[in-house]
Amino acid sequence: MTIQALRGADATPWLDAIAQLRIDVFREWPYLYAGNLPYEQGYLRTYFDCPDSIVLLALDDDALVGASTALPLAAAETEMQAPFIQAGISTDDWLYFGESVVLDTYRGRGLGVGFFAERESHALALGLKRCTFCAVERPDTHPAKPPHYIGNERFWTNRGYTPMDLVCHFAWPDIGATESTDKPMRFWERTLPTG
């Protein structure tokens, strides 16, 4: 397996494959999201249209088995910037990590560590000192939570990230539901070592 890093529009040939991968992975807990290609393609355009973004492809030979994205927070969707602006925090020093998605059979092989390392290096190359991402928060008592599910919080903490008091909200219908419900998305942060 290899991780290939592309900048902005260079990732365009992979648009449909990444969109489909996101749909496949986000059906799982904790997102339970039934996506569609037109929405995912539009979402990814934010990254592909930004010259300072990075798109990471995890490839097994020529097969896409994982993907990750990042772009300066100042170029991210307004919903991502809003909690920072409302808290009086400048968006200028931050790289925002989009979601990392990896097929189930390829997890636990170091791709997550590679994705974080590549995006942090990209932040430093852009002169950005801080990294952030957000993740959905679900109640432990949710009936769809798998009984032996282990979240990513320990992994994130081991990478030097801590949860922030900042939350944004997105709404989508859970798989099997007909109406969208609001989901809180907690931000995590790390200040990168520069010495």
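Relevant structure appears above.
In short, a report on the structure. (Residues numbered from 1 in each chain as written. Predicted model: local features only at pLDDT ≥ 70, side-chain atom pairs only at ≥ 80, totals over all residues. Heavy atoms only, no water.)

### Some remarks on the packing of helix H1 (residues 15-26) against helix H2 (residues 37-48)
Running from N to C, H1 and H2 cross one another at 120 degrees; their axes reach a closest spacing of 9 Å. Classed by the angle they form, the pair H1 and H2 counts as oblique. Relative to H2, the crossing made by H1 is right-handed. Residues Leu-15, Asp-16, Ile-18, Ala-19, Gln-20, Arg-22 and Ile-23 of H1 pack against Leu-37, Glu-40, Gln-41, Tyr-43, Leu-44, Arg-45 and Phe-48 of H2. (Axes fitted to C-alpha atoms, helices over the stretch in contact; angles between N-to-C directions. Helix = DSSP H or I, 4+ residues; strand = E, 2+ residues; numbered from the N terminus. Parallel < 35°, antiparallel > 145°, perpendicular 65-115°, else oblique. Left-handed = near helix turned anticlockwise from the far one by under 90°. Contact = heavy atoms within 4.5 Å.)

### A short note on the pattern of salt bridges
This structure, assessed with the given rule, holds 12 salt bridges. The residue Arg-107 makes a salt bridge to Asp-104 at a minimum N-O spacing of 3.5 Å. Connected through shared salt-bridge partners, Arg-22, Glu-40 and Glu-99 make up one network. (Salt bridge = Lys/Arg side-chain N within 4 Å of Asp/Glu carboxyl O.)

### Some thoughts on the sheet that holds strand E1 (residues 2-7)
Across the sheet, which stays open at both edges, the 7 strands sit in the order E1-E2-E3-E4-E5-E7-E6 with mixed pairing between neighbours. For this open sheet the edge positions go to E1 and strand E6 (162-172), each flanked by a neighbour on one side alone. Direction aside, the axes of adjacent strands within the sheet are offset by 25 degrees on average. Where strand E2 (residues 54-60) lies against strand E3 (residues 63-72), 7 bridges are found, and the strand directions are antiparallel. Looking at the pairing, Leu-56 lines up with Ser-68 of E3. This element, helix H3 (residues 78-86), spans strand E4 (94-102), strand E5 (130-136), E6 and strand E7 (181-191) of the sheet and lies at about 140 degrees to E6. (Pairing = 2+ DSSP bridges.)

### A word on the environment of Pro-139
Residue position: Pro-139 is located in the loop between E5 and helix H5 (153-158). In this structure, the C-alpha to C-alpha distance between Pro-139 and Thr-69, residues 70 residues apart in sequence, is 27 Å.

### With respect to unusual backbone geometry
Cis peptide bonds are those with omega within 30 degrees of zero, and the linkage from Trp-29 to Pro-30 qualifies with 10 degrees. Relative to the helices and strands, Pro-30 resides in the loop between H1 and H2. Although it is not a glycine, Leu-32 adopts a positive phi angle of roughly 55 degrees.

### A word on the environment of Asp-49
Its location among the elements puts Asp-49 in the loop between H2 and E2. Given the relative accessible area of 57%, Asp-49 is considered exposed. Separated by 39 residues in sequence, Asp-49 and Asp-10 have C-alpha atoms that sit 9.6 Å apart. (Buried < 20%, exposed > 50% of the residue type's maximum accessible area, 1.4 Å probe, protein only.)

### A word on the layout of surface pockets
Here the largest pocket is characterised by a volume of approximately 1,200 Å³. Broken down by secondary-structure element, the contributors of at least two residues to the lining of the largest pocket are H1, E4, helix H4 (111-125), E5, H5 and E7. By residue number, the principal contributor to the lining of the largest pocket is E4, which donates 7 residues. Its residues assigned to classes, the lining of the largest pocket shows 24 nonpolar, 7 polar and 12 charged. The computed volume of the second largest pocket comes to approximately 280 Å³. Lining the second largest pocket are 14 residues; nearest its centre among them are Arg-22, Tyr-39, Glu-99, Phe-170 and Trp-172. At the level of elements, H1, H2 and E6 are the ones that each hand at least two residues to the lining of the second largest pocket. Grouping the amino acids of the lining of the second largest pocket by side-chain chemistry returns 10 nonpolar, no polar and 4 charged. (1 Å grid on protein atoms, 1.4 Å probe; cavity = no way out; pocket = protein on both sides within 12 Å on 5 of 7 lines; lining within 4 Å. Points joined across faces, edges and corners; volume = space filled by probe spheres on them. Nonpolar A, V, L, I, M, F, W, Y, C, P; charged D, E, K, R; others polar.)

### Comments concerning the pairing of E7
When E5 meets E7, the two strands line up antiparallel, connected through 7 bridges. Bridging across to E7, Arg-130 finds its partner in Thr-191. Where E6 and E7 come together, 8 bridges link them in antiparallel fashion. Bridge pairing in E7 links Val-167 to Arg-186.

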